[in-house]
Amino acid sequence: MSVESALDIGLIVTSVLLIVLVLLHRGKGGGLSSLFGGGVQSSLSGSSVVERNLDRLTIFVGLIWFILIIGVGVNIKLS
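Residues numbered from 1 in each chain as written. Predicted model: local features only at pLDDT ≥ 70, side-chain atom pairs only at ≥ 80, totals over all residues. Heavy atoms only, no water.

Named according to an unreviewed UniProt entry, the chain is Protein-export membrane protein SecG originating from Gordonia bronchialis. Of the chain, the UniProt comment under Subcellular location (unreviewed entry) reads exactly: "Cell membrane". Quoted verbatim from the Function (unreviewed entry) field of UniProt, the annotation for the chain is "Involved in protein export. Participates in an early event of protein translocation." (UniProt positions renumbered as here; feature names shortened; annotations may be inferred.)

The next subject is the overall build of the chain. Within the chain, the regular secondary structure consists of two helices and zero strands. Put simply, the chain has 79 residues, and 22% of those count as buried. Long-range pairs, those at least 24 residues apart, make up 58% of the contacts in the chain between residues at least 6 apart in sequence. Accessible surface, the chain as shown: approximately 5700 Å² in total, 74% of it carbon and sulfur. (Helix = DSSP H or I, 4+ residues; strand = E, 2+ residues; numbered from the N terminus. Buried < 20%, exposed > 50% of the residue type's maximum accessible area, 1.4 Å probe, protein only. Contact = heavy atoms within 4.5 Å. Areas by Shrake-Rupley, 256 points an atom, 1.4 Å probe, with all protein chains shown as cover.)

Once that is clear, we can look at the nonpolar core. Judged by nonpolar contacts, Leu 18, Leu 21, Leu 24, Leu 54 and Val 61 together constitute the single largest core of five residues. Mapped by element, the contributors of at least two residues to this core are helix H1 (3-24) and helix H2 (49-78). The element that contributes the greatest number of residues to this core is H1, accounting for three residues. The contact partners of Leu 21, leaving out residues within four places of it in the chain, are Leu 54, Leu 57, Thr 58 and Val 61. (Core = buried A, V, L, I, M, F, W, Y, C linked by side-chain atoms within 4.5 Å.)

At their nearest, the axes of H1 and H2 sit 9 Å apart, and the two run at 150° to each other. Here H1 lies roughly antiparallel to H2, going by the angle between them. For H1 against H2, the interelement crossing comes out left-handed. Where H1 approaches H2, its residues Glu 4, Leu 7, Asp 8, Gly 10, Leu 11, Thr 14, Ser 15, Leu 17, Leu 18, Leu 21, Val 22 and Leu 24 are matched on the opposing element by Leu 54, Leu 57, Thr 58, Val 61, Gly 62, Ile 64, Trp 65, Leu 68, Ile 69, Gly 71, Val 72 and Asn 75. Residue classes in the contact of H1 with H2 are distributed as 15 nonpolar, seven polar and two charged. (Axes fitted to C-alpha atoms, helices over the stretch in contact; angles between N-to-C directions. Parallel < 35°, antiparallel > 145°, perpendicular 65-115°, else oblique. Left-handed = near helix turned anticlockwise from the far one by under 90°. Nonpolar A, V, L, I, M, F, W, Y, C, P; charged D, E, K, R; others polar.)

A separate point is the UniProt feature "transmembrane region" (unreviewed entry) in the chain. This chain's UniProt record puts "transmembrane region" (unreviewed entry) on residues 6-24 and 57-76. This span, residues 6-24, is 100% helix and 0% strand, and a straight line between its end C-alpha atoms measures 27 Å. End-to-end, the C-alpha atoms of residues 57-76 are 29 Å apart, and along that stretch the chain is 100% helix and 0% strand.

As a further point, take a nonpolar patch on the surface. The grouping of Trp 65, Phe 66, Ile 67, Ile 69, Ile 70, Val 74 and Leu 78 at the surface amounts to a nonpolar patch, some 690 Å² of accessible area in total. Inspection of the secondary structure puts Ile 70 in helix H2. (Patch = residues over 30% accessible without salt bridge, like charges linked within 9 Å, V, L, I, M, F, W, Y side chains within 5 Å. Salt bridge = Lys/Arg side-chain N within 4 Å of Asp/Glu carboxyl O.)

As structure tokens, then:
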């Protein structure tokens, strides 16, 4: 498997995962995350543990996606 193929596959996987994670976030009226316990609000914090973990996971996947985009751009530039 070449580096180009690995970058392309990684980009596709992270893109789909990022779309799913963004759709899971709770909006103004609630979202899909409320199905998994995200609708229960803690009185001490602004968001539940599920929402915070979903935020962290979304940011992490977004950073990986961004790094892959840079990698694809560098790969095209060097080709």
